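Here is what each chain is made of, one letter per residue.
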Amino acid sequence: MSTDISHELDPKVVVILEAAFEAFLKFGFKRASMADIAVEAGMSRAALYLHFKNKDDIFRSMIAVYHTECLQGLAAALAVEADVPAQIEAAFAAITQARFPALLDSPHGAEFLDAKSVAFADQAAQGDAQVVMSFGVWLDQAAVEGRLNYLPYGNSGLEVAQVMLKAMFGLKMGAMGYEAFAKDRDSLARMFGVALAV
């Protein structure tokens, strides 16, 4: 995971999460085993089990770290003074930086994302809701400051943020790799920015 929160985690846990991510990308979530993760982490399976009870437990930790990184990246992006289109573009980029390049460029990335949205849907939805809420709060604040107007598109920053982020994440469905996704993501962000800016 990124260095933003690594200092808050046990260094061995960070190594395991990195190793698990690599194993999931290499073998797919279903085929990757705890033995594969242990090999990637350079430790014994017994040592791995001291930190995580199974593969699902590791995946849940990865989702939690991902959402923490998203929130940190989003806050940092929106704290930079810029015009509305540039801030929205930076926000979208921050949310999809950490693991998206590897996921969208891996033959097993779709399986990884599917596991997140199906087997771990409740946890993923909770984390996604925090990201949407944070972005919605920024939209509300920017509206109060007179920098943007979302009223033609929704009644609150949260409502508009939900639509915007659904559209942005939807782009990954047909993306031919991260580069294509990022290009479309940035174009969509600028469209939203121009539409909202006062």
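On a predicted model such as this, the values are computed, not experimentally measured, just so you know. (Residues numbered from 1 in each chain as written. Predicted model: local features only at pLDDT ≥ 70, side-chain atom pairs only at ≥ 80, totals over all residues. Heavy atoms only, no water.)

## Some words on the pattern of salt bridges
Side chains that carry opposite charge are capable of pairing whenever their charged atoms lie near each other.
Line of reasoning, step 1. Tallied over the full model, the rule gives four salt bridges.
Line of reasoning, step 2. In this structure, K26 engages E40 in a salt bridge whose closest nitrogen and oxygen atoms are separated by 2.5 Å. Taken together, the positions of K26 in helix α2 (residues 11-27) and E40 in helix α3 (residues 34-41) put the pair 14 residues apart, joining distant regions of the chain.
Line of reasoning, step 3. Note that R185 and D186 form a salt bridge whose closest N and O atoms lie 3.0 Å from each other. Side by side, R185 and D186 carry an identical accessibility label, which is buried. (Salt bridge = Lys/Arg side-chain N within 4 Å of Asp/Glu carboxyl O. Helix = DSSP H or I, 4+ residues; strand = E, 2+ residues; numbered from the N terminus. Buried < 20%, exposed > 50% of the residue type's maximum accessible area, 1.4 Å probe, protein only.)

## Observations concerning the environment of E159
Line of reasoning, step 1. Along the polypeptide, E159 turns up in helix α10 (residues 157-170).
Line of reasoning, step 2. Here the alpha-carbon distance between E159 and M133, two residues 26 residues apart in the chain, equals 9.2 Å.
Line of reasoning, step 3. Dropping the residues within four chain positions of it, E159 is found in contact with Y153 and G154. (Contact = heavy atoms within 4.5 Å.)

## What to know about helix α11 (residues 178-196)
Line of reasoning, step 1. Between the first and last C-alpha of α11 there are 26 Å, a value that for 19 residues agrees with the 27 Å anticipated at 1.5 Å per step.
Line of reasoning, step 2. Looking at the buried positions of α11, the neighbouring elements they touch are α6 (84-95), α7 (100-105), α9 (121-144) and α10. (Expected span 1.5 Å × (residues − 1).)

## Focus: the side chain of S106
Line of reasoning, step 1. Position of S106 relative to the elements: it lies in the loop between α7 and α8 (109-117).
Line of reasoning, step 2. Polar side-chain contacts of S106 include one of 3.3 Å to the backbone oxygen of L25. (Polar contact = N/O pair within 3.5 Å; in protein donor to acceptor, adjacent residues only side chain to side chain.)

## As for the confidence of the model for the protein
Line of reasoning, step 1. When pLDDT is averaged along the protein, the result is 90; 94% of the residues meet or exceed 70.
Line of reasoning, step 2. Here residues 1-7 scores under 50 on pLDDT; set against residues more than four positions off or in separate chains, the count is 15 contacts. (pLDDT = per-residue confidence, 0-100.)

## Concerning the packing of aromatic side chains
Line of reasoning, step 1. All told, the structure shown has eleven aromatic pairs when counted by the stated rule.
Line of reasoning, step 2. With 5.8 Å between their ring centres and 15 degrees between their planes, F135 and W138 make a pair best called stacked. Of this pair, F135 and W138 are both found in helix α9, three residues apart, which corresponds to roughly one turn of the helix. Grouping residues by exposure puts F135 and W138 together as buried.
Line of reasoning, step 3. Ring geometry for Y178 against F181: centres 6.1 Å apart, planes inclined by 40 degrees, an arrangement best described as tilted. With Y178 and F181 both in helix α11 and three residues apart, the pair spans about one turn of that helix. For the pair formed by Y178 and F181, the shared burial category is buried. (Phe/Tyr/Trp six-rings, centres within 6.5 Å; stacked < 30°, edge-to-face > 60°.)

## Remarks on the side chain of R99
Line of reasoning, step 1. Tracing the backbone through its elements, the reader meets R99 in the loop between α6 and α7.
Line of reasoning, step 2. R99 gets classed as buried once you look at its relative accessible area, which sits at 14%.
Line of reasoning, step 3. Reaching out from R99, the side chain makes a polar contact with the side chain of E18 at a distance of 3.1 Å.

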